[in-house]
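What the coordinates show
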Amino acid sequence: MSNKEQAKKGIMICGHGSRDKDAEREFGLVAKGLKARYPDLPVEYGFLEFSAPNIHMGLDSLVNQGVEEIYAVPGMLFAATHAKNDIPSVLTTYEEKHPGLKVTYGRELGLQDDMIEAFQARIYESLGLDPENPPENLYDTLLVVVGRGTSDTSANAEAAKLTRIVNENMGFGWADTVYSGVTYPSVGVGLEKLMKLGFKRIVVAPYFLFTGRLIKRIQGYVNKVAEANPEVELIQTHYLSDHSRVIDAFQNRVEEIMQGELQTGEETLMNSFKRRLAAGEVDVHHHHAEFVDPQDDTQGLSEFDTKHFTNLVQALDHADHGHSLVLKHHDHSHGHGHSHSHGHSHSHSHDHGHSHGVYKHIGHPMGPRTMIGEGICCCFMGQFTDEILEEEKDKIDGDCTKTAFAHR
């Protein structure tokens, strides 16, 4: 292939984005690692929201470099809402506005052998063991895998599948999965239940690419459980980051596109998106290209949810305590300027103009409701029904009164 033809192709890595600037910086390490694998191709990255550059900026950069064919890959572990709907929506809209440009969309990282090997290596490292010379088993140790936790059942199931694979590969005494998002069991209550198994060494391994608010939430819960159980050794595994096998996994997805392997076999993410869009099964917010996942509890409340939650909590507070808890609607800032006098003014800021659906198991007794009153950011509160908020009102009154785990 000539240099001229080579220069017309480029790679785009599409991430979610985070309010945590450390996460934004770390995502760039993947682009750097992938660039080393493809020194002759332009490699850019961008985010759906919160972070810069956004996906449009990354695509613009490629086009400005003369790229006419873009290999786009989602920087997602599993195919939930972002990989299935949001990213292909942005890519499709962009392609339509740029005649002559071809954008091919690859698969999510998934449970490739490279991803599993990277995860296991991180676990061995946290235990002070050599991944290249591991022990025959770890029967004296409990493994707790922390998944992202979404409203997508299949994505949650992939995290549970990963736990079983790693458990058998490494030979733990027992293993289970907890989640840091909207599903159940949540990290804190899940760990408390698993403590009853009696293991004296527990390794908590988050299956996340980078740091961020959820990672810090996980760390906060692990520290809390560790303080309450000093006789148990709780070990926290580092997230995946830019482990060489993770870069291998990204490269595999790019190679699939380059070799045309996405055109055969099962339906691609892009083909699935276009089919469901044509059938009216996808609600795409074209006015908000950097789309917000209705089920993502890291993203803040919509205007609808803010009003819903504010009205309910104010009613509860006036009835029982004679004071109000107010969520103000402006740019989402998590410095938490809370005033905790008797007047209780809780300034929580949000800037998303769409309504959130409610995860069908949002009220599960071991789900997100267990985070209320735990010093966790209140952003997911808008997903709770009036009935749940009524049941948890005593916890709500004290929520956000101390620095949230997610923002320490």
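What you see is a predicted model, and the numbers here were worked out from it, not measured in a lab.

On to the packing of helix α4 (residues 81-96) against helix α10 (residues 269-278), then. The packing of two helices is summarised by the inter-axis angle and the distance between the axes. Contact geometry of α4 with α10 gives a least axis separation of 9 Å together with a crossing angle of 85°. One finds that α4 runs roughly perpendicular with respect to α10. Of the residues in α10, those in contact with Ala83, Lys84, Asn85, Pro88, Ser89, Leu91 and Thr92 of α4 are Leu269, Met270, Phe273, Lys274 and Arg276. Here the contact of α4 with α10 is built from residues that sort into six nonpolar, three polar and three charged.

Another point: the sheet that holds strand β7 (residues 201-206). In space, the four strands of this open sheet follow the order β6-β5-β7-β8, with parallel pairing throughout. In the strand order of this sheet, the two ends are held by β6 (172-179) and β8 (233-236), each with one partner. Across this sheet, the average inter-strand angle for adjacent strands is 20°, counted without regard to direction. By the bridge criterion, five bridges tie strand β5 (residues 138-147) to β7 in an arrangement that is parallel.

Further remarks concern the pairing of β8. Here four bridges tie β7 to β8, and the two strands are oriented parallel to one another. In the sheet register, Val203 faces β8, and the bridge partner there is Ile235. Between the parallel elements β7 and β8, the chain passes through helix α8 (residues 213-228) in a crossover that is right-handed.

The subject of this paragraph is the sheet that holds strand β4 (residues 102-105). Across the sheet, which stays open at both edges, the four strands sit in the order β2-β1-β3-β4 with parallel pairing between neighbours. Looking at strand neighbours, the two that pair on one side only are β2 (43-47) and β4, the edges of this open sheet. Direction aside, neighbouring strands of the sheet carry axes that sit 25° apart on average. Across five bridges, strand β1 (residues 9-15) lies against β2 in parallel orientation. Of the residues in β2, the one forming a bridge with Cys14 is Gly46.

A few words on the pattern of salt bridges. For the structure shown, the criterion picks out 17 salt bridges. For Lys9, the salt bridge goes to Glu69, with nearest N and O atoms at 2.7 Å. Residue Lys9 is found in strand β1, and its partner Glu69 is found in strand β3 (residues 69-74); the two are separated by 60 residues along the sequence. An identical accessibility class is assigned to Lys9 and Glu69; each is buried.

All right, on to the confidence of the model for the protein chain then. Per-residue confidence for the protein chain gives a mean pLDDT of 78, with 73% of residues at or over 70. A low-confidence stretch, residues 285-357 (pLDDT under 50), is modelled with 186 contacts involving residues beyond four sequence positions or located in other chains.

What follows covers a negative patch on the surface. A cluster of like negative charges, contributed by Asp113, Glu117, Asp130 and Glu132, occupies part of the molecular surface. Inspection of the secondary structure assignment puts Asp113 in helix α5 (residues 113-126). The exposed category is assigned to Asp113, whose relative accessible area is 62%.

Here we take up the packing of aromatic side chains. Scanning the entire structure with this criterion turns up six aromatic pairs. A ring pair is formed by Phe119 and Tyr207, whose centres lie 4.9 Å apart and whose planes are at 75°; its orientation type is edge-to-face. A residue pair is termed long-range when its members are at least 10 positions apart, and Phe119 in helix α5 and Tyr207 in the loop between β7 and α8 qualify at 88 residues. Considered together, Phe119 and Tyr207 belong to a single accessibility category, that of buried residues. By the ring-pair criterion, three or more aromatic residues cluster together here, those being Phe27, Tyr45, Phe47 and Phe210.

Below, the discussion takes up the environment of Ala249. Residue position: Ala249 is located in helix α9 (residues 244-258). The class of Ala249 is buried, set by a relative accessible area of 0%. In sequence terms Ala249 and Ile116 are 133 residues apart; their C-alpha atoms lie 9.9 Å from each other. In this structure, Ala249 is in contact with Leu109, Gln112, Asp114 and Met115, ignoring residues within four places of it in sequence.

What counts as what
- Residues numbered from 1 in each chain as written.
- Predicted model: local features only at pLDDT ≥ 70, side-chain atom pairs only at ≥ 80, totals over all residues.
- Heavy atoms only, no water.
- Axes fitted to C-alpha atoms, helices over the stretch in contact; angles between N-to-C directions.
- Helix = DSSP H or I, 4+ residues; strand = E, 2+ residues; numbered from the N terminus.
- Parallel < 35°, antiparallel > 145°, perpendicular 65-115°, else oblique.
- Contact = heavy atoms within 4.5 Å.
- Nonpolar A, V, L, I, M, F, W, Y, C, P; charged D, E, K, R; others polar.
- Pairing = 2+ DSSP bridges.
- Right-handed = clockwise from strand over helix to strand, strands pointing away.
- Salt bridge = Lys/Arg side-chain N within 4 Å of Asp/Glu carboxyl O.
- Buried < 20%, exposed > 50% of the residue type's maximum accessible area, 1.4 Å probe, protein only.
- pLDDT = per-residue confidence, 0-100.
- Patch = residues over 30% accessible without salt bridge, like charges linked within 9 Å, V, L, I, M, F, W, Y side chains within 5 Å.
- Areas by Shrake-Rupley, 256 points an atom, 1.4 Å probe, with all protein chains shown as cover.
- Lys, Arg positive; Asp, Glu negative; His and termini not counted.
- Charge placed at Lys NZ, Arg CZ, Asp CG, Glu CD.
- Phe/Tyr/Trp six-rings, centres within 6.5 Å; stacked < 30°, edge-to-face > 60°.

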